[in-house]
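# Chain and residue survey
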Amino acid sequence: MTGNDAVLALTVVTALGFDFTNGFHDTGNAMATSIVTAALPPRVAVALSAVLNLVGAFLSTAVAATIANGLVASGAVTLTVVCAGLTGSILWNLATWYLGIPSSSSHALIGGVVGATVAAAGSSAVKWQGLVSKVIVPAALSPFIAGLVAVAGTLLVYRITRDVSEGPRGRGFRLGQIGSASMVSLAHGTNDAQKTMGVITLALIANGNLASGATAPDWVILSCALAIALGTYVGGWRVIRALGKGLVEIESPQGMAAESASAAVILCSTDFGYSLSTTHVATGSILGSGLGRKGAEVRWQLARRMVTAWLLTLPAAALVGALAYWTANGIGGTAGVLVVFTVLVLASTAFYVASRYPAVTSENVNAAWTGSVVPEPVKATDEVGS
């Protein structure tokens with residue numbers, strides 16, 4: 001194996017690692033409301049989401065093309081740039097997951113790649129017009145659009161079912177949530193799995209394995225689909241808890257309205273090739289469902305914390321991506337990339353170990369919200385779904 005082949009292999013492994021974190025970081029976007037309303041048991045919910053993410057990954061490549069060719073000049077990108085960019089995105093994903101903040105994996109990826117590219121080739125290598133039109137504008141508008149759709153949907157479902165008794169209404173909407181949550185998972189696969197496909201394609205172009213403007217090979221599509229599905233099945237319970245229990249008091253009609261709004265917005269963005277943040281969409285939808293139900297509690301302090309993380313995601317991931325590039329380039333060659341990869345593995349391990357003490361799991365994810373992503377120990381007399 002040549003030096004370039006070794007760096008390419010490390011880059012592909014790092015990209016699939018990002019895809020894995022994307023899966024568990026974003027599971028809550030699809031399944032948080034279904035889990036909190038007991039429409040689906042937690043483990044069944046993440047398993048269903050994993051399967052549908054896998055299927056969705058094969059349905060479209062428009063977003064992959066945006067990432068591979070629409071954000072940075074492929075001629076300015078090297079394998080070291082791609083690996084450094086992925087490092088920035090993974091570390092931001094892990095930091096926000098540990099804190100229970102549903103930030104955007106998509107923006108972490110884009111920020112990391114852009115930051116590493118600027119560090120390597122200057123700002124002229126970034127296609128700023130594409131970044132603004134395909135990433136920043138959709139990021140700013142999508143939470144509001146999804147929120148408005150969810151407000152309207154929530155008002156409508158409560159109005160239509162106002163004469164239905166609470167028991168049958170709850171059961172009916174919990175069944176409906178299974179379908180709407182499934183659509184969000186499918187939509188997530190069509191959008192988010194494409195981003196890692198685009199990054200690996202970018203790496204293959206940089207290494208000369210593919211011509212500029214090429215589409216993702218079949219093996220890239222399959223490996224990315226499997227990685228995001230596996231990550232989804234792991235769960236990401238910290239973010240699921242924040243979205244499902246922390247942001248809004250959710251009933252099953254709200255859950256169905258929020259999930260339906262999320263699926264509609266994400267699928268529309270995929271069709272246009274927009275690298276949309278499913279996290280922004282899902283959070284906007286959940287907030288909209290809270291505003292649409294009279295008397296529902298919306299915890300604006302947590303919402304403000306999430307928005308702050310959204311604003312920091314692009315620049316923070318870009319900064320870490322740039323630092324990773326300067327480190328790898330300063331050492332030089334395969335050794336430089338290997339050092340950055342090793343640091344990434346060690347940091348990832350540290351985040352995982354820290355998250356276990358105490359852990360958020362499928363057993364306590366629905367514990368009563370007390371202001372913290374980590375639930376208080378459940379007493380013997382407490383109900384699991386309290």
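Just so you know, these numbers come straight off a predicted model, no measurement behind them.

### Remarks on unusual backbone geometry
In this structure, the amide linkage connecting Tyr-357 to the following residue, Pro-358, adopts the cis form with an omega of -5°. For Pro-358, the position within the fold is in the segment after helix H13 (333–355).

### What about the pattern of salt bridges?
Enumeration according to the criterion identifies 1 salt bridge in this entry. The salt bridge partner of Arg-293 is Glu-251, with a shortest N-O separation of 3.5 Å. Taken together, the positions of Arg-293 in the loop between helix H11 (278–292) and helix H12 (300–331) and Glu-251 in the loop between helix H9 (237–246) and helix H10 (252–272) put the pair 42 residues apart, joining distant regions of the chain. By relative accessible area, Glu-251 is classed as partly exposed at 29%.

### Re the packing of aromatic side chains
Under the criterion given, the structure shown has 3 aromatic pairs. Ring geometry for Phe-20 against Phe-24: centres 5.6 Å apart, planes inclined by 75°, an arrangement best described as edge-to-face. Here Phe-24 and Phe-20 lie together in helix H1 (residues 3–36), a separation of 4 residues that amounts to about one turn. Assessed through its relative accessible area of 26%, Phe-20 is described here as partly exposed. Judged by its relative accessible area of 8%, Phe-24 is buried. On the basis of an interplanar angle of 65° and a centroid distance of 5.4 Å, the ring pair of Phe-24 and Trp-97 is categorised as edge-to-face.

### Some thoughts on helix H5 (residues 105–121)
For H5, built from 17 residues, the straight-helix expectation of 24 Å at 1.5 Å per residue is met to within 8% by its first-to-last C-alpha distance of 24 Å. Burial within H5 is extensive, with 14 of its 17 residues counted as buried. A side-chain oxygen of the first residue of H5 lies 3.3 Å from the backbone nitrogen of Ser-106; this N-cap is Ser-104. Downstream of H5 by a residue or two, Gly-122 has a phi angle that is positive, lying close to 90°.

### Thoughts on the packing of helix H2 (residues 42–56) against helix H8 (residues 218–234)
Orientation of H2 relative to H8, taken along the N-to-C sense of each, is 170°, at an axis distance of 8 Å. By the angle between their axes, H2 is roughly antiparallel relative to H8. Contacts from Arg-43, Val-46, Ala-47, Ser-49, Ala-50, Asn-53 and Leu-54 of H2 reach H8 at Ala-225, Leu-226, Ile-228, Ala-229, Thr-232, Tyr-233 and Val-234. Its residues assigned to classes, the contact of H2 with H8 shows 10 nonpolar, 3 polar and 1 charged.

### Considering a nonpolar patch on the surface
Side chains of Val-132, Ile-136, Val-137, Leu-141, Ile-145 and Val-149 sit close together on the surface and give an oily, nonpolar patch of about 460 Å² of accessible area. As for its position among the elements, Ile-145 is in helix H6 (residues 128–160).

Cut-offs and rules
- Residues numbered from 1 in each chain as written.
- Predicted model: local features only at pLDDT ≥ 70, side-chain atom pairs only at ≥ 80, totals over all residues.
- Heavy atoms only, no water.
- Helix = DSSP H or I, 4+ residues; strand = E, 2+ residues; numbered from the N terminus.
- Salt bridge = Lys/Arg side-chain N within 4 Å of Asp/Glu carboxyl O.
- Buried < 20%, exposed > 50% of the residue type's maximum accessible area, 1.4 Å probe, protein only.
- Phe/Tyr/Trp six-rings, centres within 6.5 Å; stacked < 30°, edge-to-face > 60°.
- Expected span 1.5 Å × (residues − 1).
- Polar contact = N/O pair within 3.5 Å; in protein donor to acceptor, adjacent residues only side chain to side chain.
- Axes fitted to C-alpha atoms, helices over the stretch in contact; angles between N-to-C directions.
- Parallel < 35°, antiparallel > 145°, perpendicular 65-115°, else oblique.
- Contact = heavy atoms within 4.5 Å.
- Nonpolar A, V, L, I, M, F, W, Y, C, P; charged D, E, K, R; others polar.
- Patch = residues over 30% accessible without salt bridge, like charges linked within 9 Å, V, L, I, M, F, W, Y side chains within 5 Å.
- Areas by Shrake-Rupley, 256 points an atom, 1.4 Å probe, with all protein chains shown as cover.

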